[in-house]
Amino acid sequence: QLQLVESGGGLVQPGGSLRLTCTASTLNLYGIGWFRQAPGKEREGVSCISSRGTVKKYVDSVKGRFTISRDIAKNTVDLDINSLEPEDTAVYYCAASRVMRNHCSTDAPKFDSWGQGTQVTVSS
């Protein structure tokens, strides 16, 4: 099973920005999804990118504020988050799927491996 590590979370004021990074040794072979879970809420898929980087998707609530990208040379997938809102407060997880070569999805059961998560807190 792929070992994923997320980084980049933290405490940020409303309107601020963060870059979350997901890394693993062979990340380039996998489609990647970013999910989040706020206290008392169900896990939500927010974005995904195919293994080739050609397909990207976002949930409606983050369109225009979140940008997903992958760096083949570094074996990483980044999630840039701008215009942060208190409602974005959550633990953010990245997950890897072996079957998302030319497409992607934020359907959680389609992902094989999960990271431990990184906390994002948006507060003044």
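Higher on the page you've got the structure.
Residues numbered from 1 in each chain as written. Predicted model: local features only at pLDDT ≥ 70, side-chain atom pairs only at ≥ 80, totals over all residues. Heavy atoms only, no water.

**Some words on the pattern of salt bridges**
- Applying the stated criterion across every chain yields a total of eight salt bridges.
- For the salt bridge of Asp80 with Arg19, the shortest nitrogen-to-oxygen distance reads 2.6 Å. Taken together, the positions of Asp80 in strand E8 (residues 76-81) and Arg19 in strand E3 (residues 18-23) put the pair 61 residues apart, joining distant regions of the chain.
- For Arg19, a relative accessible area of 47% gives the class partly exposed.
- Its salt-bridge partner being Asp88, residue Arg36 comes within 2.9 Å of it at the nearest N-O pair. Residue Arg36 is located in strand E4 (residues 31-37), and its partner Asp88 is located in the loop between E8 and strand E9 (90-97); the two are separated by 52 residues in the primary sequence. Assigned by exposure class, Arg36 and Asp88 land together as buried.
- If you follow the salt bridges from partner to partner, you end up with Arg36, Glu44, Arg65, Glu85 and Asp88 in one network. (Salt bridge = Lys/Arg side-chain N within 4 Å of Asp/Glu carboxyl O. Helix = DSSP H or I, 4+ residues; strand = E, 2+ residues; numbered from the N terminus. Buried < 20%, exposed > 50% of the residue type's maximum accessible area, 1.4 Å probe, protein only.)

**Brief notes about the sheet that holds strand E7 (residues 66-71)**
- Strand order in the open sheet formed by four strands is E1-E3-E8-E7, with antiparallel pairing between adjacent strands. Edge positions in the open sheet fall to strand E1 (5-7) and E7, since each of these has one partner strand only. On average, each strand axis in the sheet is tilted by 15° relative to the strand beside it, whichever way the strands run. (Pairing = 2+ DSSP bridges. Axes fitted to C-alpha atoms, helices over the stretch in contact; angles between N-to-C directions.)

**Topic: the pairing of E4**
- E4 sits mainly inside the fold: six of its seven residues count as buried.
- The pairing of E4 with E9 spans seven bridges and is classified as antiparallel. From the neighbouring strand, Ile32 faces E9, where its bridge partner is Ala96.
- Bridge count between E4 and strand E5 (residues 44-49): five bridges; the pairing is antiparallel. If you follow Gly33 over to E5, its bridge partner there is Cys48.
- The antiparallel pairing of E4 with E5 creates a hairpin that spans six residues between the two strands, and Gly40 there sits at a positive phi of about 75°.

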